[in-house]
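Observations on the three-dimensional arrangement
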Amino acid sequence: MKPAMTDTTKIRVKRLGFSYRGRTVLNNVSLDCADNAITALTGPSGVGKSTFLMTLNRLWENIPETEMTGTVVIKLQGVFRDVYASSMPLTELRKKVGMVFQTPNPLPMSIRRNILFPLKIAGEKNSRFMEERLEQVLTVANLWNEVKDRLKDDARTLSGGQQQRLCIARALVLEPEVLLLDEPTSSLDRASTAVIEELLIGLKENLCILVVSHYLEQVARIADQTVCFETGGVLA
Ligand SMILES: Nc1ncnc2c1ncn2[C@@H]1O[C@H](COP(=O)(O)OP(=O)(O)OP(=O)(O)O)[C@@H](O)[C@H]1O
């Protein structure tokens, strides 16, 4: 019998399979992720951790010759939604399930415009609201005090750790409910890593967070739940 979803279940993946050009990468992966918690995804290189993350916000769909089977259900605004249902608009999904990549990827524009860009794309026109959100998310990302006097500077002039916090702030600006991070500290030094880890621990109060990490010490420091990927499957 299918176990009932508990109150804390935010994501339920059932019998997920994934292949690139006919080569199976994920086979029969089933797991639940809790809300207000950090789930760490670990395992050897090439077993499909990044691919798994991409199935949660449909980021793989433009990659040619890929195939996915199984179901992904995420509780959004209190309602369990099938991520792959035709009734699930992609723009809404991407707003609610944000993503941060391994290498910080600020856009080639100012710090301010980096943060406001997703809001503008989403059609926001209220400049006062946007300025408020700018300060809010940079504060939450623990970056405001470092950048408030240089918001017009090119974001690429920030340090690596600052750039990654900017990317996290940018991912937060549309108020996601789930945040996916793919090895977010692998290009950072120990001090910047510690700042990001603290930040994620603070953010989980309002979010479901999934982090791919190779570093077992990091997993021990931040994870509430650990999922170990092996070739073709997972060990909870
Ligand atoms: N666009 C693609 N086309 C074909 N094969 C791909 C593509 N992206 C990934 N793969 C393959 O799928 C497998 C899983 O890749 P994925 O990046 O998901 O693994 P991973 O566990 O995140 O690895 P790592 O820890 O090294 O980042 C690898 O064998 C990879 O070469």
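Fair warning: this is a prediction, and the values are worked out from it, not measured in the lab. (Residues numbered from 1 in each chain as written. Predicted model: local features only at pLDDT ≥ 70, side-chain atom pairs only at ≥ 80, totals over all residues.)

Considerations on the nonpolar core
Ala 169 and Val 211 are the most contacted members of the largest nonpolar core, which has 55 residues in total. Ranked by residues supplied to this core, first place goes to helix α6 (residues 160-172) with six residues. Not counting residues up to four positions away in its chain, the partners in contact with Val 211 are Ile 38, Ala 40, Leu 41, Leu 181, Pro 184 and Leu 200. (Core = buried A, V, L, I, M, F, W, Y, C linked by C-beta atoms within 7 Å. Buried ≥ 20, exposed ≤ 12 C-beta atoms within 10 Å, placed from the backbone. Helix = DSSP H or I, 4+ residues; strand = E, 2+ residues; numbered from the N terminus. Contact = placed C-beta atoms within 7 Å.)

Things to note about the confidence of the model for the protein chain
When pLDDT is averaged across the protein chain, the result is 93; 96% of the residues are at 70 or more. When mean pLDDT is compared element by element in the protein chain, strand β8 (residues 208-212) scores highest at 98, while strand β10 (residues 233-235) scores lowest at 66. Taken over the whole predicted complex, pTM reads 0.94, whereas the ipTM for its chain interfaces reads 0.98. (pLDDT = per-residue confidence, 0-100.)

Some details on the sheet that holds strand β1 (residues 9-20)
Pairing is antiparallel in the open sheet, where four strands are placed in the order β2-β1-β4-β5. Two strands lie at the open edges of the sheet, namely β2 (23-34) and β5 (79-82), each paired on one side alone. In this sheet, neighbouring strand axes are inclined to one another by 10 degrees on average, regardless of whether the strands run parallel or antiparallel. In this sheet, β2 lies alongside β1 in antiparallel orientation, the contact comprising eight bridges. Across the sheet, residue Tyr 20 finds its bridge partner in β2, namely Arg 23. (Pairing = 2+ DSSP bridges. Axes fitted to C-alpha atoms, helices over the stretch in contact; angles between N-to-C directions.)

Some remarks on α6
Look at α6: 18 Å from first C-alpha to last across 13 residues, which is about the 18 Å you get at 1.5 Å a residue. The buried fraction of α6 is high, at twelve of 13 residues. Taken together, the buried positions of α6 are Gly 161, Gln 162, Gln 163, Gln 164, Arg 165, Leu 166, Cys 167, Ile 168, Ala 169, Arg 170, Ala 171 and Leu 172. Close packing links the buried residues of α6 with β6 (97-100), α3 (111-121), α4 (127-140), α5 (144-147), β7 (178-182) and α7 (190-203). (Expected span 1.5 Å × (residues − 1).)

Description of the site of the ligand
Every residue near the ligand is listed here: Tyr 20, Val 25, Ser 45, Gly 46, Val 47, Gly 48, Lys 49, Ser 50, Thr 51 and Ile 63. Tallying contributions element by element places helix α1 (residues 49-56) first for the shell around the ligand, with three residues. The class makeup of the residues in the shell around the ligand is four nonpolar, five polar and one charged. (Near = placed C-beta within 6 Å. Nonpolar A, V, L, I, M, F, W, Y, C, P; charged D, E, K, R; others polar.)

Remarks on the pairing of β7
Strand residues, when the strand is regular, have side chains that alternate between the two faces of the sheet. By the criterion of burial, β7 is predominantly enclosed, with five of the five residues buried. What you see with β7 is no split at all: Val 178, Leu 180 and Asp 182 on one side and Leu 179 and Leu 181 on the other are buried throughout. The pairing of β6 with β7 spans four bridges and is classified as parallel. Residue pairing across strands places Met 99 opposite Leu 180, the latter belonging to β7. Both β7 and β8 contribute to a ladder of five bridges, which runs parallel.

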